[in-house]
Each structure stands twice: as C-alpha cells, then as structure tokens.
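Each chain, written out:
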Amino acid sequence: MNRRRFLQTSATLAVAAGAWPPLPADAAEKDVVTARRLPRWRGFNLTEKCVKRTRGNPPFKESDFALLAEWGFDFARLPLSYLIWGSRDDWSVIREAPLKEIDRAVDLGRQYGIHINLNFHRIPGYCINARELEPADLFSGRKAERDKALSAAVFHWKAFARRYRGIPNRRLSFDLINEPPKMRSYEGYLEERYVEIVRALVAGIREEDPNRLIFADGINIGQVPVLGIVDLGLVQSTRGYLPKAVSHYTANWVPRDEFETMTPPTWPLKDDQGQIWDRNRLKQELIDRYRPLIEKGVQIHIGEWGSFNKTPHPVTLAWMEDCLSLWEEAGWGNAMWNLRGPFGVLDSERQDVRYEDFKGHKLDRTMMELLRRY
C-alpha cells in the first residue's frame, strides 16, 4: 500500500456520504447472508492480534477453530490492532506479512465452518485502551487531526475490503470500530461524530466491496444503540457486560464510576442506589433499549460479553444463564470474551472451579455446557 492511495482516500472523504448500494438481488436465497438476514451466530473472541506485543504476536491457533466446531459454535470475532500490520508513525504503511496470518484465520474459518468477524480493536486515531498513544484522535481535538485520522481509518478498511472482496458474507464480515468512547454530559457531539465516521468507513468499504456485511458497535463503549446509521444497512453490535459489578469485579482497567457497587457480587445484585439487578433489569438494559432499532428491522449481535475470573463462579453462571436466555428469546447471537483466558472457558484461572484436563487446557466444563445449551 502506498502514500498515493492514502492521499487519494483523503481527497474523496468529502463525497463519502452519498447513496448506499441496495442489498443483493438474490438475498432471498437460503444461503445468502445480509444485514437483514442474519444467522444467530454464537462463539468467541480470539485475541491473538488484539494488542501488538513487543516480541511479536502469535498466529491464530487452528486448535481453537477445531474446538469451536467440535462444540457446535460457528462464530469467531477477531479483534485486531492496526499496529500489527501498520505504524502509528506513518499511517500509509500496510505490511503484507502480518496480513497473511489474518488470511490464514479467514481460511481456517472456511475449513471449520466458523464465520469470521474482523474487528479493528485499535484503528488509526482510536482505541478504547491507551487511546492517548495515537498521534491524532479520531473523535476529538482539532478538525485537521480528526480528518487525518479518519482518512487513515478509511484507507486501512479499504485495504481489507479489497483483500477479501468476493468472500461470501456467510463466511466473513467486518466490525468497524471496537467500543466507541463513552459520552460525558458535555460530549453529546461524540455521537454525531461517530455517525460521520461510520458513514465514511462504510462508503470506503463499499467502494471496494459493495455487498460486504458490516457490523457497527453502539456508542458509549458499545452499549447504546445508534439511530443515525440505520439507513446504512448494518448490523449493530452491542455488549453483555452489565452490571459491571458482576462482569468486571476487581478489574483494575475499568473506571471506578462504571461500577454499580464495589461490594462482592451476588446474583441478583443490589447496587449502591438500592436498585435490584436481576433478569428483568437485564431485559430492560440489554434488550428493551434496542427496541427502536428492532422496530426498524436492524439485526443485533452481542460482540463481547463475559465475566472476569474474580467473580464467584456460581454468581457468574447464574448471571450468564439470564443473559443467554434473554438473547435466545430475542434471536440474537453472541461472542464471549474470550475463549482462553480470564473470561473464557479454557485456562481461566478461577480459584473456585474444578477444571477438567482437556487437550492440554484446563476446561471449565460447566460454563462451556451452559453456553452450548443456549
């Protein structure tokens, strides 16, 4: 990828908000997937390329795809940092070698019948974690810097759209930006800016691959629906992390003001305001909030959810079952964060679980079977 193409992308952003292509004429065919015809995909986030590692990132593991298929799951969200293939010092750089490992993951999805959802967890100008490392901010700051970041973001997504053009939507989708920032009371403009960003990214992708299936996260860290992009024909991706007092108990990367209480979690939970969190409250927060989108025919998918390993296991399982049963009733798919690690079913290092030795891993069999039931 060269600087000329990057500059051409910058020059065309002014016309990025034009008319959007129609859905495919053959969308009624049984195996055609569109934003209005979405399977209830269920699976996990695979995080090998989520954060650039000093000593290099490992490739995606074929054994993970094999396990998903063995257990009956059909969806893998791959959160990606552009720093894996690019550079924060020169946003026109796209290196071929790291992309070949993403190509292999897409092909492993084909081999094992797993839909691959490519997400930019760190996109030029923004990441929910260590946002300040970016040389210019996609959402805030001076207009010239915002425009520069948006040009770079479009440039990178167009490169992915060209690379994977022609792969059917039943096998591959894009998820534009992981968890747009939380809006404070004085930052209402952020939603307007997010809509502007999404429109530009979608236009760039569709210039290269007109019918690509595209997901967009909700605003406020993926938790709030965005009505301003309904006309684009996208899936909206939400989160399953409420209440944070259950999902992220003792997690030191979550701001304290996001916790409903700091007391040891139970389920149901009483927060510091005396409010009860139970299945009915989850329905209000996770399902009913999205009614305005549902009524307009927008499909919803839970891009991330799960419970950190410091929450007591019985509390985690009870909360999980309420979430899962609600999503099953709504017809929504989901992707747990993560497969292996502190939120997952493998190697989660909980102190109150009797693990099963399983193919070189420690398996939380009870949690895995709960996921399979829903």
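Residues numbered from 1 in each chain as written. Predicted model: local features only at pLDDT ≥ 70, side-chain atom pairs only at ≥ 80, totals over all residues. Heavy atoms only, no water.

Draft legend 1. Representation of the pairing of strand S7 (residues 235–240) in the model. Burial analysis of S7 places six of its six residues in the buried class, the great majority of the element. Because side chains alternate across S7, one face comprises the buried residues Val235, Ser237 and Arg239, and the other comprises Gln236, Thr238 and Gly240, equally buried. By the bridge criterion, three bridges tie strand S6 (residues 214–217) to S7 in an arrangement that is parallel. Each residue of the ladder has a partner; that of phenylalanine 215, found in S7, is valine 235. (Buried < 20%, exposed > 50% of the residue type's maximum accessible area, 1.4 Å probe, protein only. Helix = DSSP H or I, 4+ residues; strand = E, 2+ residues; numbered from the N terminus. Pairing = 2+ DSSP bridges.)

Draft legend 2. Quick peek at unusual backbone geometry. The omega torsion across tryptophan 267 and proline 268 is -5°, close enough to zero to call that bond cis. By the secondary structure assignment, proline 268 is in the loop between helix H7 (244–247) and strand S8 (269–270). A cis amide bond links tryptophan 337 with the next residue in sequence, asparagine 338, at an omega value of 0°. Even without being glycine, alanine 130 reaches a positive phi, approximately 50°. Assignment of secondary structure puts alanine 130 in the loop between strand S4 (126–127) and helix H4 (143–163).

Draft legend 3. Just the packing of helix H10 (residues 313–330) against helix H11 (residues 365–373), in detail. The geometry of H10 relative to H11 is characterised by a closest axis approach of 10 Å and an angle of 10° between their N-to-C directions. As judged from the angle between their axes, H10 and H11 are roughly parallel. In this structure, H10 uses His313, Thr316, Leu317, Met320, Glu321, Leu324 and Glu328 to contact H11, whose residues at the interface are Thr366, Met367, Leu370, Leu371 and Arg373. (Axes fitted to C-alpha atoms, helices over the stretch in contact; angles between N-to-C directions. Parallel < 35°, antiparallel > 145°, perpendicular 65-115°, else oblique. Contact = heavy atoms within 4.5 Å.)

Draft legend 4. Summary view of the pattern of salt bridges. One pass over the full model with this rule turns up 36 salt bridges. Notably, a salt bridge pairs aspartate 137 with arginine 131, separated by 2.7 Å at the nearest N-O pair. Salt-bridge contacts for arginine 281 lead to glutamate 285; the nearest nitrogen and oxygen are separated by 3.1 Å. Note that arginine 281 and glutamate 285 are positioned in helix H8 (residues 279–287) at a spacing of four residues, about one turn of the helix. Here the two residues arginine 281 and glutamate 285 agree in accessibility, since each one is buried. (Salt bridge = Lys/Arg side-chain N within 4 Å of Asp/Glu carboxyl O.)

Draft legend 5. How the structure looks around the environment of glutamate 101. Of note, glutamate 101 is situated in helix H3 (residues 96–112). Assessed through its relative accessible area of 30%, glutamate 101 is described here as partly exposed. Linking glutamate 101 and proline 58, residues 43 residues apart in sequence, is a C-alpha distance of 9.1 Å. For glutamate 101, the residues in contact, after removing those within four places along its chain, are Lys49, Asn57, Pro58, Pro59 and Phe60.

Draft legend 6. View of the packing of H4 against helix H5 (residues 189–208). The interhelical angle for the contact between H4 and H5, taken along N-to-C directions, is 35°, at an axis separation of 8 Å. As H4 runs across H5, the sense of the crossing is right-handed. Each of Arg146, Asp147, Leu150, Ala153, Val154, Trp157, Lys158, Ala161 and Arg162 in H4 lies in contact with H5, whose residues at this interface are Arg193, Ile197, Ala200, Leu201, Gly204, Ile205, Glu207 and Glu208. When the residues that make up the contact of H4 with H5 are grouped by side-chain class, the tally is nine nonpolar, one polar and seven charged. (Left-handed = near helix turned anticlockwise from the far one by under 90°. Nonpolar A, V, L, I, M, F, W, Y, C, P; charged D, E, K, R; others polar.)

Draft legend 7. Up close: the pairing of strand S10 (residues 300–305). Within S10, six of the six residues are buried, which leaves it mostly tucked inside the rest of the structure. As judged from the five bridges shared by S7 and S10, these two strands associate in the parallel manner. Bridged to threonine 238 within S10 is isoleucine 302. As defined by bridge partners, S10 adjoins strand S11 (residues 333–336) across two bridges and the pair is classed as parallel. Bridging across to S11, isoleucine 302 finds its partner in asparagine 334. Handedness of the crossover is the feature at issue here: the chain leaves S10, passes through H10, returns alongside S11, and the resulting connection is right-handed. (Right-handed = clockwise from strand over helix to strand, strands pointing away.)

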